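One-letter residues, chain by chain:
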Amino acid sequence: VESNEPPSDALPVAARDFLAPRLLLSGTGSSARIGQALRDAGTRDGNVVVVADRVVSEAGLLDATVGGLANAGFSPLVFGGVAGEPDAQLVRDAGEFARRHGAAAVVGVGGGSSLDTAKLVALLAVTGGELTDVVAGAGPGSHVAPLALVPTTTGTGSEATRIAMFSVGGRKRIVNSPAFVPLVAALDPQLVTGLPGPVVAATGMDALAHAIESILSRTRSSLTIALAADAAELVIAEIEAAAIGEAADARGRMLFAAYLAGLGLNAGVVLGHSIGYVLARRAHLAHGVSCSLALPYCVAYARSVDPHVVARISLAVCGEVGSDLDDCAVAIEQLARRLGLPVSLQEVGIGAADLDELAVEVVRDYPRPNNPVALDEERVRRLLGFMLEGDVEGACAAMAEAVPA
Ligand SMILES: NC(=O)c1ccc[n+]([C@@H]2O[C@H](COP(=O)([O-])OP(=O)(O)OC[C@H]3O[C@@H](n4cnc5c(N)ncnc54)[C@H](O)[C@@H]3O)[C@@H](O)[C@H]2O)c1
């Protein structure tokens, strides 16, 4: 097994370009200011299409955003049909809605599912054609309608990223363009006070996965590490009060943590998300649940990581600089357990007979050249063997045996 890690003195200042929303609005009521922010950014008059989660829409959580758009002189039109992770048909329908109404701008309100749909709609609004062709052509030069994003879950950080995802035949299609980083994002804590505790837990662990995986990523930079380390620290501090205790202020801080972790995603994710996608597909799990289950094992797989980087993760996860990655993997697994999230493959209905195929899918479908240790099918298969019964200590010991030079 090969180490992908750079020499320990080679912490890059900026391995990749860094993108962030042009404007971040935050605080109670900030979603009402989206309209004026779009106006100030020079958006033309006309219809603004609000792509929203169905539950969020029915709960009246769009009122502030819609009212703010009307106050700024726009005509808001709601497409409130997002229910769960988007598939191609939903994206086509929403895109068609936006084109038919000549959207001057697109606003996404909801969890990652709605925000990703809104990104694709903003692309389809200006680039006509069949969805598959439009997304195949998406990239650095893409243009989208002016875009604003308002998260109502505490995890994906989609409001900060260049990624949009939808499923085609059960497979995740990942579309990547700088144009998907919105003009405006709003973190309005009022929108997450009624979020069910289990959704706070699962999406919060997704934010932790973004933070830790982006720090482990070989394409990290000093900037992404700083943001992600703060995100991880915040999640560790707040997630239990937010998910189990339902504390409103803790939920607001989780929203901020998810945003910071989303900025950390400028460095990309690593093995944990590869395993997460494959498990979600096989066992029909929510994105946050599958990424939470995978995260301790992603940390166990990582070896020969720069000691400075390990210290940052250790401080965030274990509250001290001296722990090693194995201690962090165990601490993360224990946190997931306390939150009531599944911590073994058996718990989600995956059996020993599935593991060979899963290992192939992880390495074939979601390769990660930026993972600290190269993805190797046999090693991943071994790791999954320990995940079967939730034996994270066993995984750490086994992965340590084959420490790359
Ligand atoms: N673009 C990115 O960078 C990025 C990053 C991570 C994940 N994702 C994608 O995001 C999707 C998952 O997003 P998610 O985890 O936020 O889940 P989600 O958007 O599917 O929402 C989860 C559930 O919470 C409900 N909900 C949302 N807000 C609510 C509120 N305020 N009150 C009550 N219920 C509410 C929804 O109706 C839904 O049932 C996946 O498709 C994943 O691929 C994207």
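A. Inspection of the site of the ligand at higher detail. Near the ligand there are 26 residues, and of these S113, D116, T152, T153 and T161 occur at the shortest range. Between the ligand and D116, the relevant distance is 2.8 Å, taken from a nitrogen atom to a side-chain nitrogen or oxygen of the residue. A distance of 2.9 Å separates a nitrogen atom of the ligand from a polar atom in the backbone of L191. A total of 870 Å² of accessible area belongs to the ligand in isolation, and the protein chains cover 88% of it. Counting only elements with at least two residues in the shell around the ligand, the list comes to α2 (54–58), α5 (112–126), β6 (163–168) and α7 (197–216). Classifying every residue of the shell around the ligand gives nine nonpolar, 11 polar and six charged.

B. Just the pattern of salt bridges, in detail. Applying the stated criterion across every chain yields a total of 19 salt bridges. The salt bridge involving E85 is made with K172; its shortest N-O contact spans 3.0 Å. Residue E85 is located in the loop between β3 (75–82) and α4 (88–100), and its partner K172 is located in strand β7 (residues 171–176); the two are separated by 87 residues in the primary sequence. Using a relative accessible area of 23% as the deciding quantity, one classes K172 as partly exposed. R253 is the partner of D249 in a salt bridge, and the nearest nitrogen-oxygen pair spans 3.7 Å.

Definitions and limits used
- Residues numbered from 1 in each chain as written.
- Predicted model: local features only at pLDDT ≥ 70, side-chain atom pairs only at ≥ 80, totals over all residues.
- Heavy atoms only, no water.
- Near = heavy atom within 4 Å.
- Polar contact = N/O pair within 3.5 Å; in protein donor to acceptor, adjacent residues only side chain to side chain.
- Areas by Shrake-Rupley, 256 points an atom, 1.4 Å probe, with all protein chains shown as cover.
- Helix = DSSP H or I, 4+ residues; strand = E, 2+ residues; numbered from the N terminus.
- Nonpolar A, V, L, I, M, F, W, Y, C, P; charged D, E, K, R; others polar.
- Salt bridge = Lys/Arg side-chain N within 4 Å of Asp/Glu carboxyl O.
- Buried < 20%, exposed > 50% of the residue type's maximum accessible area, 1.4 Å probe, protein only.

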